[in-house]
Amino acid sequence: MHSDDDVPTSVDFRIAEVAQTWTTESELKKPYRVEARARIAERVHTHVAAHVHAPGAMRVLELGGGPGLLAEAILGRQPADYTLLDFSAPMLAMARQRK
């Protein structure tokens, strides 16, 4: 834990190897997250279909997007202007690789 942390954690996501290991282990320990992301993506798609009438007009802002797994699920259903923010440079690098 670092003195400049907003939320105390024993995981330092600013270290690439730590961020990658956490992401891999988290997916193995919590396999239900795949289904949760699929359901969120479906809800976003349903909402957009009902309320956004211009093609390509979907805009998403994800705060704390980590390695981009939710972004991947949402963008896999339909294109969007997607902004993903995270404090961790390694997490953002993983998210960029998911294109």
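Residues numbered from 1 in each chain as written. Predicted model: local features only at pLDDT ≥ 70, side-chain atom pairs only at ≥ 80, totals over all residues. Heavy atoms only, no water.

Draft legend 1. Looking closely at the overall build of the protein. Helix and strand counts for the protein stand at four helices and two strands. Each helix (α) and strand (β) of the protein, taken in turn from the N terminus, gives the series α-α-β-α-β-α. Total accessible area on the protein is roughly 7,000 Å²; 58% of this is exposed by carbon and sulfur atoms. (Helix = DSSP H or I, 4+ residues; strand = E, 2+ residues; numbered from the N terminus. Areas by Shrake-Rupley, 256 points an atom, 1.4 Å probe, with all protein chains shown as cover.)

Draft legend 2. Structural context of the nonpolar core. Judged by nonpolar contacts, Ala41, Val48, Met58, Val60, Leu70, Ala71, Ile74, Tyr82, Leu84, Leu92 and Ala95 together constitute the single largest core of 11 residues. Of all elements in the fold, only α2 (32-51), α3 (69-75), β2 (81-85) and α4 (89-97) reach the threshold of two or more residues within this core. At three residues, the largest contribution of residues to this core is made by α3. The residues touching Tyr82, leaving out its near neighbours within four places in the chain, are Val60, Glu62, Leu70, Ala71, Ile74 and Leu75. (Core = buried A, V, L, I, M, F, W, Y, C linked by side-chain atoms within 4.5 Å. Buried < 20%, exposed > 50% of the residue type's maximum accessible area, 1.4 Å probe, protein only. Contact = heavy atoms within 4.5 Å.)

Draft legend 3. Representation of the packing of helix α1 (residues 16-29) against α4 within the structure. Where α1 meets α4, the axes come as close as 8 Å, and the angle between the chain directions of the two elements is 60 degrees. Overall, the two elements α1 and α4 adopt an arrangement that is oblique. The element α1 and its partner α4 pack so that their crossing is right-handed. Note on element contacts: α4 touches α1 through Pro90, Met91 and Met94, opposite Ala16, Ala19, Gln20, Trp22 and Thr23. (Axes fitted to C-alpha atoms, helices over the stretch in contact; angles between N-to-C directions. Parallel < 35°, antiparallel > 145°, perpendicular 65-115°, else oblique. Left-handed = near helix turned anticlockwise from the far one by under 90°.)

Draft legend 4. Examining the environment of Ala95 more closely. Of note, Ala95 is situated in helix α4. In this structure, the C-alpha to C-alpha distance between Ala95 and Gly68, residues 27 residues apart in sequence, is 4.1 Å. Excluding anything up to four places from it in sequence, Ala95 contacts Gly66, Pro67, Gly68 and Leu84.

Draft legend 5. Looking closely at the packing of aromatic side chains. Summed over all chains, the structure comprises one aromatic pair. With a centroid separation of 5.1 Å and 90 degrees between ring planes, the pair formed by Phe13 and Trp22 is classed as edge-to-face. (Phe/Tyr/Trp six-rings, centres within 6.5 Å; stacked < 30°, edge-to-face > 60°.)

Draft legend 6. Here's a closer look at the pattern of salt bridges. As enumerated under the stated definition, the model contains six salt bridges in all. With its nearest N and O atoms 2.7 Å apart, the salt bridge here joins Arg37 to Glu27. Taken together, the residues span a long stretch of sequence, with Arg37 in helix α2 and Glu27 in helix α1 at a distance of 10 residues. On the basis of relative accessible area, Glu27 is assigned to the partly exposed category, the value being 23%. Between Glu72 and Arg98 there is a salt bridge; the shortest N-O distance is 3.8 Å. Placement of Glu72 in helix α3 and of Arg98 in the segment after α4 is noted, with a sequence separation of 26 residues between them. (Salt bridge = Lys/Arg side-chain N within 4 Å of Asp/Glu carboxyl O.)

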